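# Structural description and commentary
Residues per chain, in single letters:
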Amino acid sequence: MVGWRIGKSSLHFRFYAEYKQGNIAMTHYRTQKHPILIVPKRKRITFYWNNRKLQAYEGEMIASALFANGIHVFGHHVKDGSAQGMFCANGQCAQCAVVANGIPVKSCMTKVEENMIMESLEGLPELPRTIDSVHFSKTEQVTTDVLIVGGGPAGLSAAIELGERGIGTLVIDDKGRLGGKLVLQTHKFFGSIEDCYAGTRGTDIAKILEESIRGYPSITVWTNSTALYVFSDKKVGIVTDGTRYRIVDPKIVLNAAGAREKSLIFPGNTLPGVYGAGAFQTLVNRDLVRPAKRLFVIGGGNVGIIAAYHALQAGIDVVGLAEALPQCSGYKVHADKIKRLGVPIYTRHTVLSANGEEHVSSVTIGEVDAAFRPIPGTEKTYECDTVLVAVGLSPIDEFFQQARQAEIRVFAAGDAKEIAEASSAMFNGKIAGFEIARELGVEDKPMPEEWHHKAAVLKSPPGPVEQPRYDSFPDEGITPVFHCAQEIPCNPCVSVCPKGVISIPGDSLLGMPELTGNQCIGCNKCVLICPGLAITLVDYREDANDPVVSLAYEVHNYEYKAGDAVVLTDLEGKALHEAVIIETIMNKASRKTQIIKVKAPKEIAKRVAGFKIQSDEVTLPTGKPTVEGIPDDAIICRCERVTAGEIRQWIRRGMRDVNQIKAVTRAGMGACGSKTCSDLIFQLFKEEGISLEEVTPHTVRPLYVEEPLAVFAGVSYGQKR
Ligand code: FES
């Protein structure tokens, strides 16, 4: 490990010095106040970590309790002693393993218990003691018409269609709460109000969908339940709470298991402090833990951009975001939103290394050429304690494939079928539910013709970037101004305008909104509902030279009140004018979006789209380290610590079968079952100029998630081992 390491930063030292002195209160890393989420009162419990007595909240996961106590290193790898920590927070990677009450567990999926004795996992865990007296309980068998794997937007939408028709449905989800990724989304959704709750926050949509399905008597829900395998006798093994094993016999299966985050090869990619954007959102928005002080995001898709926005909402500094493409692939309104708040976006840049000894202390990025190769001399290093990797998602489809092999009738919906926005997942879940009802003979009507069209529109990628047409808005009276500069499937502004002055040409969801009259009454409904915060209201009525501009704001932990000075920006964050806030409005109808009113000279009033909250100092680079490009010691298989160099060596010797590579290097043989490294191995083949048609993929292991054998025999964890 040479070349890319740079010294520990003062931030890193500060963090660990505080931790070692033990003077960090549990609240230090907790969100005390959130602009959108309610911080509930929870019961405190005690647990022990490497003989230190610490506190957690009842019901939270071990990983969250550790992060809330400032602990990010959960153990050290047996092969090279490298520090291990959380990566996916989704039960997929096993990087977060710790020993709890003598048993190795995934800390992101295991609840902390009162007086639990936890230890970091140093090397390989010892086998638990054998059970003195063994009691086997009988495995329960359950039949159902439909088994839905995944209680996220697609699964729940499908379940509603089935519940409405009284079809026996079992919905399982591996989390304690239904909603999937929706429960992590504090921002408002795109799409249309009638089809997918556009303008409503993901967290609220999750509640709406859950309430709906709980109302149908034909639907059963098992949370904390993981599908382990589809057996050849068409039955599915499911474990609940890590102990209760049941066999389900379904007529039809719907795979709505969502997606897992892709990983990226760069030096330092396995350091604690480097993790997926979904993991970060889980900590920040589900568990109300503040895992970072300064964050850098890699990846300019919607997931990365939104994670940056969520960090700001949680009071975490966002140092920057790097995207290798010339333009972010996420919605422009999302990207503009964070730019206006003061987050720089570095397009045509890639991550070169995450730096630090036991934890991230900085990140180095560099420009890339047209072939995405780093350009020497362009490196910049930023002090940060967390690097989020948000470089795309892969469908979780192994369950679908297995069900097919077992010849069960199987459908897929949501990200498990095709990666798209959650609004699209809801709609194609609804379609899947309808199709299943038809398959079972309960529904005899054909699917409404327009559903297919709507499904296609909702998954449309963003269109080309245009310039907002500011000249088309009047310079008198009161008018909404649209800062949309790209076609995306979204129209709630059209739906909420009580005077019908907003329309989209052709009446489609796609297309930019236009003003179709001058009857605006200044109700602010369009400003409040716009998911991109891309509508302002300009009011010339009292002072035509200095009109009042109303702006939507939802990062209230950066609190502003009347009389505060702000730097107004255009839609992409360029400073336009310094102004004083004249009024702030927040009421029940505004649903946690604040209206901030400022006065701006008429020459710029229509271009004002927001104001900066984050100071430039947060985003300044430190010195330049020497970076040697991606070296052979970058880790590909994080479970078994297999490097790019080891795998390259075998590829160059002619190996084309991933199973052989696995046999000689152990890549893919670790606890995650190759979920994180298989894509990266294929990437290495591609980099070596080998067509993937020549490559034999690895054989998928029989269980999707590892479970102790005792679970299958009905032995619970609670027993002495
Ligand atoms: S971080 Fe827990 S399994 Fe990935």
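Here, the structure is the one placed above.
Residues numbered from 1 in each chain as written. Predicted model: local features only at pLDDT ≥ 70, side-chain atom pairs only at ≥ 80, totals over all residues. Heavy atoms only, no water.

## Topic: the overall build of the protein
Heads up, the rule is: Under the scheme used here, helices are H or I runs from DSSP no shorter than 4 residues and strands are E runs no shorter than 2 residues, and both carry numbers assigned from the N terminus. Based on C-alpha atoms, the radius of gyration is set beside the globule rule, defined as 2.2 Å times the residue count to the power 0.38. Residue exposure (1.4 Å probe, protein chains only): buried if accessible area is under 20% of the type maximum, exposed if over 50%, otherwise partly exposed. In this description, contact between two residues means that some pair of their heavy atoms is separated by no more than 4.5 Å.
Looking only at helices and strands, the protein features 18 helices and 35 strands. Scaling as 2.2 N^0.38, a compact globule of 721 residues should have a C-alpha radius of gyration of about 27 Å, and the protein matches this with 26 Å. If one aligns the C-alpha atoms of the protein with their principal axes, the spans along those axes are about 85 × 65 × 55 Å. Taking all 721 residues of the protein together, the buried fraction comes to 59%. Put simply, of all contacts in the protein between residues at least 6 apart along the chain, 67% involve residues at least 24 apart.

## Quick notes on the sheet that holds strand β25 (residues 478–482)
Convention followed: When DSSP locates at least two bridges between a pair of strands, those strands are taken to pair.
Pairing is antiparallel in the open sheet, where seven strands are placed in the order β25-β28-β29-β32-β31-β30-β33. Unpaired on one side and paired on the other, β25 and β33 (610–611) mark the two borders of the sheet. As paired strands, strand β29 (residues 548–553) and strand β32 (residues 594–599) are joined by six bridges and run antiparallel to one another. Each bridged residue has a counterpart across the sheet, and for Leu-551 the counterpart in β32 is Ile-596.

## Structural notes on the sheet that holds strand β16 (residues 294–298)
Rules: Helix axes are fitted to C-alpha atoms over the stretch in contact, other axes to C-alpha atoms as well, and angles between N-to-C directions run from 0 to 180 degrees.
Spatially, β15-β22-β16-β17-β18 is the arrangement adopted by the five strands of the open sheet, whose pairing is parallel. Each end of this open sheet is capped by a strand with a single partner; those strands are β15 (274–276) and β18 (345–347). Direction aside, neighbouring strands of the sheet carry axes that sit 20° apart on average. When strand β17 (residues 317–323) meets β18, the two strands line up parallel, connected through three bridges. Opposite Glu-323, over in β18, you have Thr-347 as the bridge partner. Across the sheet, helix α7 (residues 302–313) touches β16, β17 and β22 (386–389), and the angle it forms with β17 is around 175°.

## Regarding the side chain of Thr-186
To be explicit about the condition: We define a polar contact as two N or O atoms separated by no more than 3.5 Å, with the added condition that, inside protein, one atom must be a possible hydrogen donor and the other a possible acceptor, whereas residues neighbouring each other in sequence contribute only through side-chain atom pairs.
Among the structural elements, Thr-186 can be located in the loop between β9 (169–172) and α4 (193–196). Here Gln-313 takes part through its side chain, which lies 2.6 Å from a polar atom of the side chain of Thr-186. Residue contacts for Thr-186: discarding those within four places in its chain leaves His-34, Ile-36, Leu-37, Arg-201, Asn-285, His-310 and Gln-313.

## Here we look at the pairing of strand β30 (residues 565–569)
Where β30 and strand β31 (residues 575–585) come together, five bridges link them in antiparallel fashion. Following the sheet pairing, Thr-569 is matched in β31 by Ala-575. Counted along the chain from β30 to the antiparallel partner β31, the turn is five residues long, and its residue Gly-573 has a positive phi close to 95°. Looking at chain direction, β30 and β33 are connected through two bridges and run antiparallel. Among the inter-strand pairings, Thr-569 is bridged to a residue of β33, identified as Gly-610.

## Concerning the packing of aromatic side chains
Under the convention used in this document: To pair, rings of Phe, Tyr and Trp, with the six-membered ring standing in for Trp, must have centres within 6.5 Å; the planes then decide the type, stacked if under 30 degrees apart, edge-to-face if over 60, and tilted in the middle.
Overall, the coordinates contain 15 aromatic pairs when judged by the stated rule. Judged by centre distance (6.0 Å) and plane angle (70°), the rings of Phe-427 and Trp-451 are edge-to-face. Placement of the pair is Phe-427 in helix α10 (residues 422–439) and Trp-451 in helix α11 (residues 449–458), with a sequence separation of 24 residues. With relative accessibility at 2%, the residue Phe-427 sits in the buried group. Residue classification places Trp-451 among the buried positions, given a relative accessible area of 12%.

## Quick look at the side chain of Arg-648
Structurally, Arg-648 is set in helix α15 (residues 644–652). Assessed through its relative accessible area of 10%, Arg-648 is described here as buried. Engagement of the side chain of Arg-648 in a polar contact is seen with the side chain of Asp-632, the distance being 2.4 Å.

## Regarding helix α8 (residues 332–341)
Where burial is concerned, most of α8 is hidden: nine out of the 10 residues are buried. When α8 is considered as a whole, its buried residues turn out to be Lys-332, Val-333, His-334, Ala-335, Asp-336, Lys-337, Ile-338, Arg-340 and Leu-341. Buried residues belonging to α8 abut α7, β17, β18, β29, β30 and β33. Of the residues one or two after α8, Gly-342 is the one with positive phi, at around 110°.

## Notes on the pairing of strand β28 (residues 535–539)
Here β28 lies mainly inside the structure; five of its five residues are buried. Burial of β28 is two-sided: the residues Ile-535, Leu-537 and Asp-539 facing one way and the residues Thr-536 and Val-538 facing the other way are all buried. Direction of pairing for β25 relative to β28: antiparallel, over a ladder of five bridges. Bridge pairing links Phe-482 to Ile-535 in β28. Judged from the three bridges that link them, β28 and β29 form a sheet pairing that is antiparallel. Across the sheet, residue Val-538 finds its bridge partner in β29, namely Val-549.

## So, helix α5 (residues 202–214)
Basically, it comes down to this: One fewer than the residue count of a helix, multiplied by 1.5 Å, yields its expected span. Starting at the helix axis, one direction is taken to each C-beta atom, and the arc is that of these directions.
End to end, α5 covers 18 Å across 13 residues, agreeing with the expected 18 Å (1.5 Å per residue, within 8%). Listed in full, the buried residues belonging to α5 are Gly-202, Thr-203, Ile-205, Ala-206, Leu-209 and Ile-213. An end-on view of α5 places all buried positions within 155° of arc, on one side of the element. Residues of α5 that are exposed and point over 90 degrees away from its buried face: Lys-207 and Glu-211. Those residues of α5 hidden inside the fold are in contact with α3 (153–164), α4, β10 (219–222) and α10.

## Section: the packing of α3 against α5
Inclusion rule: Left-handed is the label given to a crossing in which the near helix is rotated counterclockwise from the far helix by less than a right angle, and right-handed is the label when the rotation is clockwise. Basically, the charged four are Asp, Glu, Lys and Arg, the nonpolar ten are Ala, Val, Leu, Ile, Met, Phe, Trp, Tyr, Cys and Pro, and anything else, Gly included, counts as polar.
At a minimum axis distance of 9 Å, the contact between α3 and α5 shows a crossing angle of 35°. Remark: the crossing between α3 and α5 carries left-handed chirality. Residues Pro-153, Leu-156, Ser-157, Ala-159 and Ile-160 of α3 lie in contact with α5, whose contacting residues are Leu-209, Glu-210, Ser-212 and Ile-213. Tallied by class, residues from the contact of α3 with α5 come to six nonpolar, two polar and one charged.

## A look at the environment of Leu-54
Tracing the sequence through the fold places Leu-54 in strand β2 (residues 52–57). Sequence separation of Leu-54 and Pro-35 is 19 residues, and the distance between their C-alpha atoms is 28 Å. If near-sequence neighbours (up to four positions away) are discounted, Leu-54 is found in contact with Ile-45, Thr-46, Phe-47, Trp-49, Asn-69 and Ile-71.

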